[in-house]
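Structural characterization, general
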Amino acid sequence: MTFRRSVLSRRGFMALGGATAALGAIPGLAQAAGPSLAALAKAKGLRFGSAVSAGPPGSNTGTLDDPGYSRVLVDECGVLVPENELKWYVLRPDAKTFAFERADRIAAFAKAHDMALRGHTLLWHHPKWFPAWLQHYDFGKGPAAAKTAEGLLVDHIAKVVAHYPQIDSWDVVNETIDPKDGSIRHTVFSDAMGQEHTLDTAFHAARAAAPKARLVYNDYMGWEAGNEAHRAGVLKLLEGFRKRGTPVDALGVQSHLGTEDPAAPGSLGKPQEKAWRAFIDEATGMGYDLLLTEFDVNDRDMPADVAARDAAGAALAKAYLDLMLDYRQTKEVLAWGMVDKYSWLQGFTPRKDGLPKRATLYDDAYKPTPLREAVAAAFQAAPARA
Ligand code: G3I
């Protein structure tokens, strides 16, 4: 077993005491041999990290509260992203309150371990993910309504961004394209302000609050068949941003592999490599950088046998990452969680045989899986970028 002392000392492991010393004492955790994923990524000009969650104040229900999980994060990650804690439905219990406590815990952990922090998300522009009080908020009518809506949105973004000046990469708008037909979703904001103006306002507010941060449009259009309308809608959106001079720096490609939208017409789930390259070429051709923001593998349709399943998941991931990392515009890779038992995929489209999924880079005993090695190999094979 190789302990990555260089990574740990870079983070001031010994100097931190308290929580960090406790992490160092966890027995029985297997560590991956060789350099950390953060170090492998960094050697190629990339950044690697993961989503992590924090429970409500006073609870210990977040993944951050599991010492085994925290140890994996410290060992492997250069950046953390709050999985849910910056979403309106967590941050904004009402129109006046900002409940930063949960995200603050993650920010403190990242700081203590010398990891960067990225932000997800300032506007998940989908009514389902608005807090109940906002879903039917009455902004009134006409120009006054537009002004009130704009005031609420800009105030939210200005305050959240100012609270985390260390965040240098923001998912400003998340998932506003309807995968069924590629249209922009309607919300109370867009009803009051107009769809494009709502999205543009969010990016302008983020730019004003964080002039140097990378501003990202994030969505889950994938390379599988069934995503054609979704991809086309995202490209149209990106073109519109460029035409209107909206400050968007990058496309966040979520990269939930194998998780095509089951509701999409003609969904087959098979990768369409040629069409996918054309999509990525168009986005990069417009000058957008790329981030793989929520990487994991939905093994729903893979064999039950663990070795065969792991091999299939790792092969799929390696092929995908090789393709994506070949684009020098790809700057960051974020895993959407690092330990299988906590993955959101356990509850999403369960396997027919009822077996737990092996969707992330570490199994339930905190041991690295072949998927972790596929990511490491892809980083090693990737061309360097600035
Ligand atoms: O914390 C409560 C718990 O107190 C309660 O008992 C329980 C009952 O449902 O819910 C818990 O909250 C859940 C939360 O995750 C924390 O686990 C919510 O119901 C559940 O809806 C929420 O799901 C999150 C989902 O986004 C919706 O916000 C997933 O964790 C998170 O992984 C997922 O992440 C999204 C990205 O933000 C955007 N892209 C897709 C990705 C996967 O769906």
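Computed from a predicted structure; not experimentally measured.

Mapped onto the elements of the fold, Lys331 is located in strand S10 (residues 330-335). If near-sequence neighbours (up to four positions away) are discounted, Lys331 is found in contact with Gly45, Leu46, Arg47, Arg214, Asp289, Leu290 and Ala386.

This structure, assessed with the given rule, holds 19 salt bridges. For Arg207, the salt bridge is made with Asp249, and the minimal N-O distance between the two is 2.9 Å. With Arg207 in helix H11 (residues 195-209) and Asp249 in the loop between helix H12 (228-244) and strand S7 (250-253), this pair connects stretches of sequence that are 42 residues apart. A relative accessible area of 24% means that Arg207 is categorised as partly exposed.

Residues in close proximity to the ligand total 14 residues, the closest being Glu83, Lys87, Tyr89, His120 and Glu175. Separating an oxygen atom of the ligand from a side-chain N or O atom of Glu83 is a distance of 2.4 Å. The side chain of Tyr89 places a nitrogen or oxygen atom 2.6 Å from an oxygen atom of the ligand. Isolated, the ligand exposes 790 Å² of accessible area, and the fraction of that covered by the protein chains is 52%.

This brings us to the packing of aromatic side chains. For the structure on display, the rule yields 18 aromatic pairs. Judged by centre distance (5.8 Å) and plane angle (25°), the rings of Phe139 and Phe189 are stacked. Taken together, the positions of Phe139 in the loop between helix H8 (132-135) and helix H9 (142-163) and Phe189 in helix H10 (residues 188-193) put the pair 50 residues apart, joining distant regions of the chain. Neither residue differs from the other here; Phe139 and Phe189 are each classed as buried. Taking the centre distance of 6.4 Å and the plane angle of 35° together, the rings of Trp276 and Tyr320 count as tilted. With Trp276 in helix H13 (residues 273-285) and Tyr320 in helix H14 (residues 306-326), the pair connects residues that are 44 residues apart, well separated along the chain. In this structure, Trp276 and Tyr320 share a single accessibility class: buried. Clustering of aromatic rings is evident, with ring pairs tying together Trp88, Phe130, Trp133, Tyr137, Phe139 and Phe189. In this structure, Arg92 is placed above the aromatic ring of Phe98, and the distance from its NZ or CZ to the ring centre is 3.8 Å. Above the face of the Tyr288 ring, Arg242 is positioned so that its terminal group lies 3.7 Å from the ring centre.

With that out of the way, let us pick up H9. When the terminal C-alpha atoms of H9 are compared, their 32 Å separation across 22 residues agrees well with the 32 Å that a helix rising 1.5 Å per residue should span. Those residues of H9 not exposed but buried are Ala145, Ala149, Leu152, Leu153, His156, Ile157, Val160 and Val161. Buried residues of H9 fall within an arc of 145° about the axis and therefore sit on the same side. When the buried face of H9 is taken as reference, the exposed residues oriented beyond 90 degrees from it are Pro143, Ala144, Lys147 and Ala162. The secondary structure elements touched by the buried residues of H9 are helix H6 (88-91), strand S4 (119-124), H8, strand S5 (169-174), H10 and H11.

Further remarks concern the pairing of S10. The buried count for S10 comes to 6 of 6 residues, which makes it a mostly enclosed element. As paired strands, strand S9 (residues 289-297) and S10 are joined by 4 bridges and run parallel to one another. Note that in S10 the partner of Phe295 across the bridge is Ala335. Taken together, S9, H14 and S10 form a β-α-β motif whose crossover is right-handed.

The pLDDT averaged across the chain works out to 91; a share of 90% of its residues lies at or above 70. The model gives residues 1-22 a pLDDT under 50, and that stretch makes 42 contacts with residues more than four places away or in other chains. Here residues 264-268 scores under 50 on pLDDT; set against residues more than four positions off or in separate chains, the count is 10 contacts.

Attention now goes to the side chain of Asp296. In this fold, Asp296 is placed in strand S9. Here Asp296 is buried and forms no salt bridge, its nearest opposite-charge partner Lys357 lying at an N-O distance of 9.2 Å. Look past the residues within four positions of Asp296 in its chain and what remains in contact with it is Ser255, His256, Leu257, Trp336, Trp344, Leu345 and Ala359.

The subject of this paragraph is the packing of H9 against H11. Where H9 contacts H11, the axes come no closer than 9 Å and their chain directions differ by 35°. As for how H9 packs across H11, the hand of that crossing is right-handed. Counting all contacts with H9, which are made through Glu150, Leu153, Val154, Ile157, Ala158 and Val161, the residues of H11 involved are His197, Thr198, Thr201, Ala202, Ala205, Ala206 and Ala209. Looking at the contact of H9 with H11 residue by residue, the class counts come to 9 nonpolar, 3 polar and 1 charged.

This paragraph deals with unusual backbone geometry. Of the consecutive residues His120 and Thr121, the connecting peptide bond is found in the cis state with omega at 0°. At Glu175, a residue that is not glycine, the phi angle is positive and equals roughly 50°. With respect to the secondary-structure elements, Glu175 resides in the loop between S5 and H10. Judged by its relative accessible area of 9%, Glu175 falls in the buried class. Residues other than glycine seldom take positive phi values, yet Tyr366 does so here, at roughly 65°. Note on placement: Tyr366 falls in the loop between S10 and helix H15 (370-381). Residue class for Tyr366 comes out buried when judged on its relative accessible area of 13%.

Criteria and thresholds
- Residues numbered from 1 in each chain as written.
- Predicted model: local features only at pLDDT ≥ 70, side-chain atom pairs only at ≥ 80, totals over all residues.
- Heavy atoms only, no water.
- Helix = DSSP H or I, 4+ residues; strand = E, 2+ residues; numbered from the N terminus.
- Contact = heavy atoms within 4.5 Å.
- Salt bridge = Lys/Arg side-chain N within 4 Å of Asp/Glu carboxyl O.
- Buried < 20%, exposed > 50% of the residue type's maximum accessible area, 1.4 Å probe, protein only.
- Near = heavy atom within 4 Å.
- Polar contact = N/O pair within 3.5 Å; in protein donor to acceptor, adjacent residues only side chain to side chain.
- Areas by Shrake-Rupley, 256 points an atom, 1.4 Å probe, with all protein chains shown as cover.
- Phe/Tyr/Trp six-rings, centres within 6.5 Å; stacked < 30°, edge-to-face > 60°.
- Lys NZ or Arg CZ within 6 Å of the ring centre and 35° of its normal.
- Expected span 1.5 Å × (residues − 1).
- Arc of directions from axis to C-beta.
- Pairing = 2+ DSSP bridges.
- Right-handed = clockwise from strand over helix to strand, strands pointing away.
- pLDDT = per-residue confidence, 0-100.
- Lys, Arg positive; Asp, Glu negative; His and termini not counted.
- Axes fitted to C-alpha atoms, helices over the stretch in contact; angles between N-to-C directions.
- Left-handed = near helix turned anticlockwise from the far one by under 90°.
- Nonpolar A, V, L, I, M, F, W, Y, C, P; charged D, E, K, R; others polar.

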